[in-house]
Amino acid sequence: MQQDSSASKYSGKKHVKFSDDALALAEKIMKRYPDKRQKSAILPILHIAQAEFNGWLSVEVMDYVATLLKIQPIEVYEVASFYSMFNLKPVGKCVIEVCRTGPCWLMGAEDIVKFIEKKLGIKEGQTTPDGMFTLKTVECLASCGTAPMMQIGEKYHENLTFEKCENILDDYKNKGEEISHWRKERIKHHTDKHI
Ligand code: FES
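Note that residues are indexed from 1 along each chain, following the sequence as it is written. The predicted nature of this model means local features are confined to residues of pLDDT at least 70 and side-chain atom pairs, given and counted, to a pLDDT of 80 or more, with totals for whole chains, interfaces and linings taken over all residues.

(A) Focus on the nonpolar core. In plain words, the nonpolar core is the set of buried Ala, Val, Leu, Ile, Met, Phe, Trp, Tyr and Cys residues that C-beta atoms within 7 Å link up. Any residue with 12 or fewer other C-beta atoms within 10 Å of its own C-beta is exposed, any with 20 or more is buried, and the rest are partly exposed; the C-beta atoms used are placed from the backbone. In this structure, Ala26, Ile45, Leu46, Ile48, Ala49, Val61 and Val65 are the most contacted members of the largest nonpolar core, which totals 23 residues. Each helix corresponds to a stretch of at least 4 residues labelled H or I by DSSP, and each strand to a stretch of at least 2 residues labelled E; elements are numbered beginning at the N terminus. Among the secondary structure elements, those contributing two or more residues to this core are α1 (20-30), α2 (42-52), α3 (59-69) and α4 (73-82). By the criterion used throughout, residues are in contact when their C-beta atoms, derived from the backbone, lie within 7 Å. Excluding residues that lie within four positions of it along the chain, Ile45 makes contacts with Ala26, Ile29, Val65, Leu68 and Leu69.

Written out as structure tokens, the structure is:
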């Protein structure tokens, strides 16, 4: 990752550029599509961008993605703002996504959210002061049979109870810095999947 460390946390990087590995991967993915159809690669490229830039997409990062794909920035903003897996503001190392759709809600997702809010001392949409956890609620994650459930990074946590949540969050907290590496793993995941 190459970035201007003086750039504001909230305004993103002024001079955004993928690392050599990420750029090589992005170029391989874009080559899978015919000339002038590179926009079709937008989802994997946004995942790579999010992995490269601390788990969120600033305007500058989205503009860089638009340049790579040779499309208008608004086309990137539209996609990035549509999907809940893309974060448009800074997030913690662990992004907790609790499903809030009908089946999970009926099985107690609302109480799970309240429990996590109380345990972490934050409200939905906020990040803990130590930068460890961000709590989000999202629509169906296709695991309705194991409701209530939540996703953290790449992992699903299902059939949640308060006790399970307590243990899961303590476990992530104890892992500490190890968690920072999952974003790089995400790039590897895309390498395996697309190339
Ligand atoms: S309703 Fe929660 S996973 Fe489908």
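(B) The arrangement of unusual backbone geometry in detail. Between Ala147 and the following residue, Pro148, the backbone shows a cis peptide bond with an omega angle of -5 degrees. Following the sequence through the fold, Pro148 ends up in the loop between β2 (133-138) and β3 (150-152). Look at Lys70: it is not a glycine, yet its phi comes out positive at around 55 degrees. Overall, the presence of 11 C-beta atoms within 10 Å leaves Lys70 in the exposed class. Even without being glycine, Asn159 reaches a positive phi, approximately 50 degrees.

(C) Geometry of α1. Within α1 the residues assigned to the buried category are Ala22, Leu25, Ala26 and Ile29. End-on, the buried residues of α1 take up no more than an arc of 100 degrees, which puts them together on one face. Summarising the geometry, the arc corresponds to the directions from the helix axis toward the C-beta atoms.

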